[in-house]
Amino acid sequence: MNTTAPFPDSKIYRFAVISIVLMLALNIASSFVVKGWIGAGFNTALVSLIWFAYAFRARNAMLWNWLILALVAGFAELAADWWLVTQTKTLVYVEGPKVVVSPIYMPFAWMLVLVQIGIVSQWLRHKMALPLAALVTGLIAGLNIPLYESLAKFADWWYYRDTPMILNAPYYIILGEFLIGLPLAYMGLKLMDRIRPALAAGLGLVLGAVIWVSYYVAVALVG
């Protein structure tokens with residue numbers, strides 16, 4: 001398999017945008033039709049399979065690196081979830097099978113969010129200076145959260161309590177997502193033009209730690 005296809009690739013950028021729109025449409029539809037963890041799990045599984053199928057078809061090493069990084073970070077994020085659920089007691093998952101304290105689909109849901117925003121950050125990095133690309137990526141990560149959090153509550157996936165919120169999204173989640181988005185453009189610099197699973201997985205662990213620290217800082221400041 002050829003793994004040295006050049007990146008950036010405009011087709012991959014377009015696919016990332018289409019994936020964001022598709023996931024949003026599926027989440028909106030299931031919040032009316034199939035509420036609860038089954039709808040969320042189906043949506044996550046479907047879009048994850050689409051991403052992996054596309055990666056096999058595209059044969060792009062950078063895309064595979066992002067998928068590995070994002071999936072490892074998704075599992076590492078379970079520690080942050082555990083802290084929010086059991087220590088701050090502000091996050092409540094409604095129902096369904098769990099891994100630690102999170103819904104079983106959550107690592108893959110995080111994978112999708114991170115790979116989509118990560119690839120957008122790659123596009124931004126090729127259009128502007130790295131610091132500005134990092135800032136814009138952080139803003140994108142933070143600004144789309146209130147809609148998803150409102151959908152999550154309406155669809156009986158999860159909700160928050162005892163913390164300041166806007167549109168069912170806690171202030172600390174919005175700030176935390178902004179902080180999580182900041183290093184993505186830089187991490188893209190470290191993903192080379194061949195598949196490097198060890199490097200990608202290591203960066204995923206780092207990003208998992210960044211997620212926890214970002215939420216900890218955000219809770220301390222605005223939670």
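Presented here is an overview of the structure given in this document. What you see is a predicted model, and the numbers here were worked out from it, not measured in a lab.

The rules behind the values
Residues numbered from 1 in each chain as written. Predicted model: local features only at pLDDT ≥ 70, side-chain atom pairs only at ≥ 80, totals over all residues. Heavy atoms only, no water. 1 Å grid on protein atoms, 1.4 Å probe; cavity = no way out; pocket = protein on both sides within 12 Å on 5 of 7 lines; lining within 4 Å. Points joined across faces, edges and corners; volume = space filled by probe spheres on them. Helix = DSSP H or I, 4+ residues; strand = E, 2+ residues; numbered from the N terminus. Nonpolar A, V, L, I, M, F, W, Y, C, P; charged D, E, K, R; others polar. Core = buried A, V, L, I, M, F, W, Y, C linked by side-chain atoms within 4.5 Å. Buried < 20%, exposed > 50% of the residue type's maximum accessible area, 1.4 Å probe, protein only. Contact = heavy atoms within 4.5 Å. Arc of directions from axis to C-beta.

### Notes on the layout of surface pockets
Working step 1: The volume enclosed by the largest pocket comes to roughly 620 Å³.
Working step 2: Together, 30 residues line the largest pocket, and Ala109, Val113, Ile145, Tyr148 and Trp158 are the ones closest to its centre.
Working step 3: Elements with a minimum of two residues in the lining of the largest pocket: helix 1 (10-33), helix 2 (37-58), helix 4 (78-88), strand 1 (91-93), helix 5 (106-125), helix 7 (145-154), strand 4 (158-160) and helix 8 (171-181).
Working step 4: With eight residues, helix 5 is the largest single contributor of residues to the lining of the largest pocket.
Working step 5: Across the lining of the largest pocket, the residue classes tally to 22 nonpolar, four polar and four charged.

### Remarks on the nonpolar core
Working step 1: Counting residues in hydrophobic clusters, the biggest one holds 53 residues, and the most contacted among them are Trp51, Ile119, Trp158 and Tyr215.
Working step 2: Those residues in contact with Trp51, other than ones at most four positions away along the chain, are Phe15, Ala16, Ser19, Leu63, Leu67, Leu112, Val115, Gln116 and Ile119.

### Some remarks on helix 8
Working step 1: Along helix 8, the positions that sit buried rather than exposed are Tyr172, Ile173, Gly176, Glu177, Ile180 and Gly181. Buried residues of helix 8, viewed axially, fall in a sector of 165°; they line one side.

### Topic: empty space enclosed by the protein
Working step 1: In this structure the tally under the stated criterion is one cavity of 30 Å³ or more.
Working step 2: What the largest cavity holds in volume is close to 40 Å³.
Working step 3: In terms of lining, the largest cavity is formed by Trp110, Val113, Leu114, Ile117, Ala141, Glu177, Ile180, Gly181 and Leu184.
Working step 4: Those elements that provide at least two residues to the lining of the largest cavity are helix 5 and helix 8.
Working step 5: Looking at which element gives the most residues to the lining of the largest cavity, the answer is helix 5, with four residues.
Working step 6: In terms of residue class, the lining of the largest cavity is built from seven nonpolar, one polar and one charged.

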